[in-house]
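What the coordinates show
Each chain is listed here by its residues.
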Amino acid sequence: MGRTVGLRWALLRLVSRGVRVIGEHLMDYAACDGRHDRVRVPVVTQFVERDRQRPLPIDVTSDESVRTAVELVREEAGLLDVLVNNAGIVTNEAGVADGSKPISEVTAADLETIYATNVFGIVRVTHAFLPLLSAADHPVVVNVSSGLGSLARVTDPQRFEAARFPAYASSKSAVNMLTVQYAEALPEFKINAADPGYTATDLNDHRGTKTVQEGADIIVRLATIGADGPTGGYFAADGPVPW
């Protein structure tokens, strides 16, 4: 749910470039009987082909759901140019936000819920779509990370990232490592991690200092890099982010 609008802006800007791209966002909450209860809902993935954009329901925590999505894209397009792994949550199974309780009370179950989407979801989706990406001339994968995944920034007391979000921050550090591992193993791909910055989204109750359009800039840039572009990097709008 956090970067839903930002991703939508990124995808709309990619439509005019004639690429076949998939980007995900996760709806973490849904209104039920006037209340906001945490429920499991599918990722509302956007599949863009040429001048068409349409939802592609997919639950990144479900092998079956991901396989179904792959088959739909295979039937409609035959290949995939760009995969944007953007699904992310900040709450545990009970709906408690990461960082809202002392780290001494954080359990393995808290991390398991967040990692299931933020980390294992990336592996599940990337693995499943690799054959379709491999059919593209210049396959690109963008893993949406965060400055909270940077060890250098989290340990700098002058940075806003120097905050305690043990599950979410460590999940984004894991995303960065996965990005490097995939990039090293698949040199014919361009695989990078994007830090949209402190963007005003649902994840931070719209307290971010950047607009969603500004946050989407780096996603678009990395999604449209050429064959001579970087791979295995970690980038924000103003350049490389320290690991």
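As the structure is a computational prediction, the values presented were derived from the model and not from experiment.

**So, helix 6 (residues 166–185)**
Because the α-helix completes a turn every 3.6 residues, residues three or four places apart line up on one side. Here helix 6 contains 20 residues, and its C-alpha end-to-end distance of 28 Å stays within 8% of the 28 Å for a straight helix at 1.5 Å per residue. Burial in helix 6 covers these residues: Ala167, Tyr168, Ala169, Ser171, Lys172, Val175, Asn176, Leu178, Thr179, Tyr182 and Ala183. On its buried side, helix 6 packs onto helix 3 (108–118), helix 4 (120–134), strand 7 (140–144), strand 8 (190–194) and strand 9 (234–236).

**Regarding the confidence of the model for the protein**
Close inspection of predicted coordinates is inappropriate for parts of the model with low pLDDT. Here the protein averages 80 in pLDDT, and 71% of its residues register 70 or above. The least confident element of the protein, judged by mean pLDDT, is strand 2 (residues 29–32) at 28; the most confident is strand 8 at 98. Considering only residues more than four positions removed or in separate chains, one finds that residues 1–7, a stretch of pLDDT under 50, has 27 contacts.

**Looking at the pairing of strand 8**
Among the five residues that make up strand 8, five are buried, leaving the element largely enclosed by the rest of the structure. Neither face of strand 8 is open: one carries Lys190, Asn192 and Ala194, the other Ile191 and Ala193, and all of them are buried. Taken together, the five bridges between strand 7 and strand 8 define a ladder with parallel strand orientation. Counted as the bridge partner of Val142 is Asn192 from strand 8. Relative to strand 9, strand 8 is paired through two bridges, and the arrangement is parallel. Looking across to strand 9, one finds that Ala193 is bridged to Tyr234.

**So, the environment of Ala136**
Its place among the elements puts Ala136 in the loop between helix 4 and strand 7. According to the relative accessible area criterion, Ala136 is buried, its value standing at 9%. For the pair Ala136 and Leu79, spaced 57 residues apart in sequence, the C-alpha to C-alpha distance is 6.0 Å. Ignoring sequence-local partners within four residues, the contact set of Ala136 consists of Leu79, Leu80 and Asp81.

**Structural notes on helix 4**
Given a rise of 1.5 Å per residue, 15 residues ought to cover 21 Å, and the 21 Å separating the end C-alpha atoms of helix 4 matches this to within 8%. Largest kink in helix 4: about 40°, centred on Ala128, with the proline Pro131 one to four residues after it. The complete set of buried residues in helix 4 reads Gly121, Ile122, Val125, Thr126, Ala128, Phe129, Leu130, Leu132 and Leu133.

Parameters and conventions
Numbering of residues starts from 1 in every chain and runs along the sequence as written. With pLDDT at 70 or above as the cut-off, local features in this predicted model cover only qualifying residues; side-chain atom pairs require 80 or more to be listed or tallied, and sums for whole chains, interfaces and linings still use all residues. Excluded from the side-chain calculation are hydrogens and water; included are all heavy atoms of the structure. Under the DSSP-based scheme used, a helix requires at least four consecutive residues in state H or I and a strand at least two consecutive residues in state E, with every element numbered from the N terminus. Each helix should span, by expectation, one fewer than its residue count multiplied by 1.5 Å. Three labels apply to residues, based on accessible area from a 1.4 Å probe with only protein chains included: buried if under 20% of the type maximum, exposed if over 50%, partly exposed otherwise in between. Residue contacts are defined here by distance: any two heavy atoms, one from each residue, within 4.5 Å place the two residues in contact. The quantity called pLDDT is the predictor's confidence in a given residue, expressed from 0 to 100. What makes two strands pair is DSSP finding at least two bridges between them. Note that the bend at a residue is defined as the angle between axes fitted to the seven residues ending at it and the seven residues starting at it.

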